[in-house]
Amino acid sequence: QQPVQSPQAVILREGEDAVINCSSSKALYSVHWYRQKHGEAPVFLMILLKGGEQKGHEKISASFNEKKQQSSLYLTASQLSYSGTYFCGTGKAAGNKLTFGGGTRVLVKP
Amino acid sequence: GAVVSQHPSRVICKSGTSVKIECRSLDFQATTMFWYRQFPKQSLMLMATSNEGSKATYEQGVEKDKFLINHASLTLSTLTVTSAHPEDSSFYICSASGQLANYGYTFGSGTRLTVV
C-alpha cells in the first residue's frame, strides 16, 4: 500500500522552512527520501532505518518515528535548488522493493 | 558514488514494435534491480523486481509477457516492451540495490518512451 505524503504541494520563499510528512499503514524497516527535478530521475537524499533516527543532508534533515510509522523531511532555510518533487519510499526489509508516496511538489521562489 | 547507466534516454517507436531498455550498474554489483514506470505528474509505480540469474517478480496488474525483464549479470538488467501501444508511452526508470542497508537505491537516468 502506498504511503501517504502531505502536503501535496508547497510554495516557499528562499530562506523559509517546510516540513513534508510521510505516513504508512504498515510496519516499516526503512524510509528513503528522494528529490526529482522535472524530466530527470529521482536523486537519493537519505535513508532512515527503524530506530527513530534523524539524519541530515545539507540543510535538509529527516526523522523516522517507527511506532507511528511516520517520517518527516525538514527543509531548512530553503534554497532555489530545493525546488522539485520529493518522494518518500518505504521498504519492509533491507534490499526490499520500495513503495513510493504520491510526492510533494516544492517550489522555492526568490 | 554508485552510478546506474540507463539507455536509451529517449525513444520513439511505432505501435506493434518492441523496445529494449538497458540499465547497467557501473561501479557496483546490483544484486537486485527494480523497474518503475512514471506517468506525468504522478508517482513512481513499481513494475517488477529482478534478481540476477532468476525470474523477475512482477507487481499485480503488470503483464509479464508484455514487459520482459532479464537480469543476466550483476551489472546488467534489461526491460523489453513488446508489441508497444500508445498507452505504454511513459517514463521508465530502473533502480539498483546492491550495497549496504544504509545506502539508498540508485536510479538510472530514465527512458522516455513514446509510442506513435
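Being a predicted model, the structure only gives us computed values, none of them experimental. All chains use their own residue numbering, which begins from 1 and follows the written sequence. The lettering of chains begins at A and the numbering of ligands begins at 1, in the order of writing. Note on the predicted model: pLDDT of at least 70 is required for a residue's local features to be given, and 80 or more for side-chain atom pairs to be given and counted; whole-chain, interface and lining totals, by contrast, use all residues. The basis for every side-chain value is the complete set of heavy atoms in the structure, and neither hydrogens nor water enter the calculation.

A. Here's a closer look at the overall build of chain B. Only runs of H or I of at least four residues qualify as helices and only runs of E of at least two qualify as strands under DSSP, and these elements are numbered from the N terminus. Within chain B one finds zero helices and 11 strands. Counting from the amino terminus, helix and strand elements in chain B follow one another as β-β-β-β-β-β-β-β-β-β-β. Radius of gyration means the value over C-alpha atoms here, while the globule rule gives 2.2 Å times the residue count to the 0.38 power. Scaling as 2.2 N^0.38, a compact globule of 116 residues should have a C-alpha radius of gyration of about 13 Å, and chain B matches this with 13 Å. Along the three orthogonal principal directions, the C-alpha set of chain B runs to about 40 × 25 × 20 Å.

B. How the structure looks around the interface of chain B and chain A. Contacts are residue-level and defined by heavy atoms, with any inter-residue pair within 4.5 Å sufficient. Residue-level contacts link 22 residues of chain B with 23 residues of chain A. A pairing counts as a salt bridge when a side-chain nitrogen of Lys or Arg comes within 4 Å of a carboxyl oxygen of Asp or Glu. Where chain B touches chain A, the interface holds one salt bridge. Here Lys97(A) and Glu59(B) are joined by a salt bridge, their closest N and O atoms 3.0 Å apart. N or O atoms closer than or at 3.5 Å make up a polar contact, with two conditions inside protein: a donor-capable atom paired with an acceptor-capable one, and, for residues adjacent in sequence, both atoms drawn from side chains. For the pair chain B and chain A, the interface holds five residue pairs in polar contact (both at pLDDT 80 or more). Listing elements by their share of the side of chain B that touches chain A, those giving two or more residues are strand E4 (32-38), strand E5 (45-51) and strand E9 (90-97) of chain B. Classes in brief: Ala, Val, Leu, Ile, Met, Phe, Trp, Tyr, Cys and Pro nonpolar; Asp, Glu, Lys and Arg charged; the others, Gly included, polar. Of the residues assigned to the side of chain B that touches chain A, the class counts are 10 nonpolar, nine polar and three charged.

C. Layout of the sheet that holds strand E7 (residues 67-73) of chain B. Residue and element names in this part refer to chain B. Taken in spatial order, the four strands line up as E1-E3-E8-E7 in an open sheet, and their pairing is antiparallel. The open sheet has two free edges, formed respectively by strand E1 (4-7) and E7, since each of these has just one partner strand. Averaged over all neighbouring strand pairs, the angle between strand axes comes to 15 degrees, with direction disregarded. When E1 meets strand E3 (residues 19-25), the two strands line up antiparallel, connected through four bridges. The residue of E3 that forms the bridge with Val-4 is Ser-25. Two strands qualify as a pair provided DSSP detects at least 2 bridges between them. For every element, the axis is a line fit to its C-alpha atoms; helices are fit only across the contacting stretch, and the angle between N-to-C directions ranges from 0 to 180 degrees.

D. The state of the cysteines, seen in detail. The rule for a disulfide is simple: a pair of cysteine sulfur atoms within 2.5 Å. On inspection of all chains with the given rule, the structure shows two disulfides over all chains. Between the sulfur of Cys22(A) and that of Cys88(A) lies a disulfide, 2.0 Å long from S to S. Because the torsion about its S-S bond is 75 degrees, the bridge between Cys22(A) and Cys88(A) counts as right-handed. Of this pair, Cys22(A) sits in strand E3 (residues 18-23) while Cys88(A) is found in strand E9 (residues 84-91), placing the two residues 66 residues apart along the sequence. Comparing Cys22(A) with Cys88(A) shows no difference in burial state: the two are buried. One disulfide bridge connects Cys23(B) with Cys94(B), the sulfur atoms lying 1.7 Å from each other. Given an S-S torsion of about -90 degrees, the disulfide between Cys23(B) and Cys94(B) has left-handed geometry. Of this pair, Cys23(B) sits in strand E3 while Cys94(B) is found in strand E9, placing the two residues 71 residues apart along the sequence. Overall, Cys94(B) belongs to the buried group, its relative accessible area being 0%. In this structure Cys13(B) is a free cysteine whose sulfur lies 17 Å from that of Cys23(B), the closest cysteine sulfur available. For every residue, the accessible area (1.4 Å probe, protein chains only) is compared with the maximum for its type, and the residue is labelled buried under 20%, exposed over 50%, or partly exposed between those bounds.

E. Structural detail: the environment of Phe107(B). With respect to the helices and strands, the residue Phe107(B) is situated in strand E10 (residues 106-107). If we skip the residues at most four places from it in the chain, Phe107(B) touches Tyr34(A), Ala41(A), Pro42(A), Phe100(A), Val4(B), Tyr36(B), Leu44(B), Ile93(B), Cys94(B) and Ser95(B).

F. View of the pairing of E9(B). All names here are of chain B. Among the eight residues that make up E9, eight are buried, leaving the element largely enclosed by the rest of the structure. Here E9 shows no split at all, with Ser-90, Tyr-92, Cys-94 and Ala-96 on one side and Phe-91, Ile-93, Ser-95 and Ser-97 on the other all buried. Examined bridge by bridge, E4 and E9 share seven bridges and lie antiparallel to one another. Following the sheet pairing, Arg-37 is matched in E9 by Tyr-92. As paired elements, E9 and strand E11 (residues 111-115) share three bridges and run antiparallel to each other. Bridged to Ser-90 within E11 is Leu-113.

G. Examining the packing of aromatic side chains more closely. Note on aromatic contacts: the rings of Phe and Tyr and the six-membered ring of Trp form a pair at centre separations within 6.5 Å, being stacked when their planes are under 30 degrees apart, edge-to-face when over 60 apart, and tilted otherwise. In the structure shown here, the tally under the stated rule is nine aromatic pairs over all chains. Centroid distance Tyr34(A) to Phe107(B): 5.1 Å. Interplanar angle 85 degrees. Geometry classified as edge-to-face. One end of the pair, Tyr34(A), is in strand E4 (residues 30-36); the other, Phe107(B), is in strand E10, on a second chain. When its relative accessible area of 0% is taken as the criterion, Tyr34(A) is described as buried. The rings of Tyr34(A), Phe44(A), Phe87(A), Phe100(A), Tyr36(B) and Phe107(B) are connected pair by pair, giving a single aromatic cluster. Placement of a positive charge over a ring is assigned whenever Lys NZ or Arg CZ falls within 6 Å of the ring centre and within 35 degrees of the normal to the ring plane. A cation over an aromatic ring shows up here: Lys66(B) above the ring of Phe67(B), its NZ or CZ 5.9 Å from the ring centre.

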